[in-house]
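# Remarks on the overall topology
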Amino acid sequence: DNSTAFIMSTPLSSISESTMLSNRFLAYVGIFAVLIGGIVVYFVAGRLTGPINQLSSLSEKMSQLDFDARYEPEKGEYTEIGVLGKNMNTLSMRLRETIGELKSVNNQLQKDIEEKTRIDEMRKEFIANVSHDFRSPLTSIKGYVEAMTDGTIPPEMHEKYLKIILFETERLTDLTQDLLTLN
């Protein structure tokens, strides 16, 4: 029936002792759980960040143009990081090939530039020689014609100097023909 009531009493010291013992137990278990959890997290994080550190090192070597560095996945690793590592290996191989081709093309270009420079120097030397070869007969012709027209050369000597002028003109004609042949 609802009229009966039970009153129980226990000393507070035993409850306080039980609570303190329970709190200590929970503290020790909590510290132990935190330590074990920390150790597990440390090793799991190391296992997860190890490949990322390896990729970071690989990208640093690639930035220094060392394309022989490779990503070595752990045995049985088929994660996104492993795929990224494989792609970086492919990128490194292609960059090495491309830079090799560029060096080859650069060497050929350097040889072409040197050849062009050599040909340009030969051309300049040739033009200087041709200019000199043309200047000599032209100077003779001009000098004889001026001397004949101003009376320095007497009229009885004109025939001799006209023959020299004719010879120099033929020399110019031959030089011009040689230039056309060379061209």
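Before reading further, recall that the structure is shown in the block above.
These remarks concern the structure in this document. (Residues numbered from 1 in each chain as written. Predicted model: local features only at pLDDT ≥ 70, side-chain atom pairs only at ≥ 80, totals over all residues. Heavy atoms only, no water.)

Under the defined criterion, the tally for this structure stands at 2 aromatic pairs. Note on Tyr42 and Phe43: the rings are 5.4 Å apart at their centroids and 75 degrees apart in plane angle, and the pair reads as edge-to-face. Residue classification places Phe43 among the exposed positions, given a relative accessible area of 57%. Taking the centre distance of 5.0 Å and the plane angle of 45 degrees together, the rings of Tyr144 and Tyr161 count as tilted. With Tyr144 in helix 2 (residues 80–149) and Tyr161 in helix 3 (residues 158–182), the pair connects residues that are 17 residues apart, well separated along the chain. (Phe/Tyr/Trp six-rings, centres within 6.5 Å; stacked < 30°, edge-to-face > 60°. Buried < 20%, exposed > 50% of the residue type's maximum accessible area, 1.4 Å probe, protein only. Helix = DSSP H or I, 4+ residues; strand = E, 2+ residues; numbered from the N terminus.)

The next point concerns the pattern of salt bridges. Overall, the coordinates contain 7 salt bridges when judged by the stated rule. Lys124 serves as the salt-bridge partner of Asp120, at 3.8 Å between the closest nitrogen and oxygen. Note that Asp120 and Lys124 are positioned in helix 2 at a spacing of 4 residues, about one turn of the helix. The class of Asp120 is partly exposed, set by a relative accessible area of 26%. Look at Lys124 and you get partly exposed, because its relative accessible area is 45%. Each of Asp120, Arg123 and Lys124 takes part in salt bridges that share partners, so that together they form one network. (Salt bridge = Lys/Arg side-chain N within 4 Å of Asp/Glu carboxyl O.)

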